[in-house]
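Here are the chains, one letter per residue:
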Amino acid sequence: MNVAARVGSGRGAAIEILSIKKYYGNFAALEDVSMRIEAGEFMTFLGPSGSGKTTTLNLIAGFTDLTAGDIRVGDRSVGGLPAYKRNIGVVFQHYALFPHMTVFKNVAYPLKLRGIRKAERERLVKHVLEMVQLENFAHRYPGELSGGQQQRVALARAVVFDPPLLLMDEPLGALDKKLREWLQLEIKRIHRELGSTFVYVTHDQEEALVLSDRIAVFNRGRIEQVGTGHELYTEPETLFVGRFIGESSVLKGPHETRAGETAIEVAGVKVAARGLPKGVGPQTILVRPEKITVTKPGAEAPGQVNRLRGRVTESLYLGADTKYEVRLPDGTVILSRMPVSERPFAIGDEVEVFWSIDDSKLLADDGSAESA
């Protein structure tokens with residue numbers, strides 16, 4: 001089937017990543033990474049700098065050679081194919097547009113390389129420029145466009161030949177916050193229209209939550225967890241994931257088990273979580289800030305709760321919510337987000353914090369809290 005017939009067909013390709021490794025000398029940039037990305041899915045690789053997310057993207061694209069393992073796109077192995085034979089669209093943070101070509105010619109370039117006739121090229125370019133809302137900019141040059149407009153040209157060029165797979169490496173990293181947020185919604189819309197498989201790399205967890213069907217969290221050359229944004233936020237499998245996705249309070253100390261619960265001693269008080277320790281080493285309890293209530297000392301609390309006393313060290317008005325930082329006697333900081341009150345707590349106030357035992361997430365201490 002030719003390129004023209006496939007435009008808008010919504011035919012994404014599944015990706016199988018099979019025990020891939022990438023070494024640079026003795027340094028392991030990736031160590032035994034495996035996952036499946038479904039056809040038409042929006043998958044984001046999320047993690048800090050040096051975690052392996054961009055290396056994985058480059059291995060899929062063919063810009064870097066595998067040390068071991070294989071990658072399959074659709075029904076074929078691409079592990080040994082050069083990049084130009086993989087039929088994959090790629091968008092970078094730095095737009096890589098040809099400065100001497102108009103917007104139209106930049107977008108038409110991949111079609112010209114594929115031998116698409118002039119009349120068909122014009123139809124396809126017009127179609128994608130309308131999709132990215134740049135149809136009135138076809139005869140301008142990249143230097144005459146804003147950063148956001150240049151990024152949309154780069155996106156149009158990457159999708160004009162209707163690739164089954166589009167790779168995006170921090171494409172919004174150079175843009176200001178408001179423009180980033182607008183383009184995130186545009187990218188979601190374009191993904192829905194095309195139906196192609198999108199793989200997106202970012203270190204911005206909020207961006208990942210907005211865009212993705214699923215997220216793969218990378219750390220030190222491995223995947224810590226793959227899941228929806230909701231799954232990663234509410235059910236992190238590791239302390240690293242729990243801390244990297246959203247805000248949290250992490251409580252550490254000696255632990256003991258009792259009647260199906262694990263208790264950790266914090267600032268001289270025992271707080272509990274459901275379940276038994278994860279592994280044999282030190283344990284932590286992770287709690288999300290919206291689950292924690294700040295009250296006056298001695299106030300009543302419903303149900304089975306954990307309760308600690310401390311002082312407010314920060315009070316931040318966030319519109320609908322107020323964010324509090326409460327420091328315990330041992331220096332532990334508790335984060336809380338609560339609906340705005342007419343009488344908010346002030347810095348220096350002595351308070352108590354409480355939360356349901358069911359909102360305590362018990363996780364093995366992987367050392368990520370110290371490395372932050």
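Structure's up top.
Residues numbered from 1 in each chain as written. Predicted model: local features only at pLDDT ≥ 70, side-chain atom pairs only at ≥ 80, totals over all residues. Heavy atoms only, no water.

Peer 1: Even after reading the chapter, I still don't get the sheet that holds strand β14 (residues 269-274), so can you show me in this structure?
Peer 2: Sheet strands associate in pairs through backbone hydrogen bonding, adopting either a parallel or an antiparallel arrangement. The strand order β12-β13-β14 describes an open sheet built from three strands, whose pairing is antiparallel. One side of each edge strand has no neighbouring strand; the edge strands of this open sheet are β12 (255-258) and β14. Taken pair by pair, the neighbouring strands of this sheet meet at an average axis angle of 30°, ignoring direction. For strand β13 (residues 261-266) and β14, the ladder comprises six bridges, and the chain directions are antiparallel. Counted as the bridge partner of Ile264 is Val271 from β14. (Pairing = 2+ DSSP bridges. Helix = DSSP H or I, 4+ residues; strand = E, 2+ residues; numbered from the N terminus. Axes fitted to C-alpha atoms, helices over the stretch in contact; angles between N-to-C directions.)

Peer 1: Honestly, the packing of helix α3 (residues 103-113) against helix α5 (residues 147-159) in this entry has me stumped. Any pointers?
Peer 2: Helix packing for two helices is described by the angle between their axes and how far apart those axes are. Direction vectors running N to C along α3 and α5 enclose 30°, while the axes themselves pass 7 Å from each other. In terms of orientation, α3 lies roughly parallel with respect to α5. The element α3 and its partner α5 pack so that their crossing is right-handed. For the pair formed by α3 and α5, the contact residues are Val103, Asn106, Val107 and Pro110 on the first element and Val153, Ala156 and Arg157 on the second. Residue classes in the contact of α3 with α5 are distributed as five nonpolar, one polar and one charged. (Parallel < 35°, antiparallel > 145°, perpendicular 65-115°, else oblique. Left-handed = near helix turned anticlockwise from the far one by under 90°. Contact = heavy atoms within 4.5 Å. Nonpolar A, V, L, I, M, F, W, Y, C, P; charged D, E, K, R; others polar.)

Peer 1: Explain the sheet that holds strand β15 (residues 283-287) here, please?
Peer 2: What the three strands build is an open sheet, ordered β11-β15-β21; its pairing is antiparallel. The strands lining the two open edges of the sheet, one partner per strand, are β11 (249-252) and β21 (361-364). The average undirected angle you get between the axes of adjacent strands in this sheet is 35°. Across four bridges, the pairing between β11 and β15 is antiparallel. Following the sheet pairing, Val250 is matched in β15 by Leu286.

Peer 1: What exactly am I supposed to notice about the nonpolar core here?
Peer 2: Generally speaking, nonpolar side chains in soluble globular proteins are found buried as a group. The biggest cluster of nonpolar side chains holds 38 residues, and the ones touching the most others in it are Val107, Leu129 and Ile187. Of all the elements in the fold, those that place two or more residues in this core are α3, α4 (118-131), α5, β7 (165-169), α6 (177-194) and β8 (197-202). In terms of residues, this core owes the most to one element, α5, which gives six residues. Residues contacting Val107, with those up to four places away along its chain left out, are Val125, Val128, Leu129, Val153, Ala156, Arg157 and Val160. By size, the runner-up hydrophobic cluster in this structure holds 24 residues, among which are Ile37, Leu59, Val199 and Val201. (Core = buried A, V, L, I, M, F, W, Y, C linked by side-chain atoms within 4.5 Å. Buried < 20%, exposed > 50% of the residue type's maximum accessible area, 1.4 Å probe, protein only.)

The values reported here are purely geometric and, on their own, carry no functional implication.
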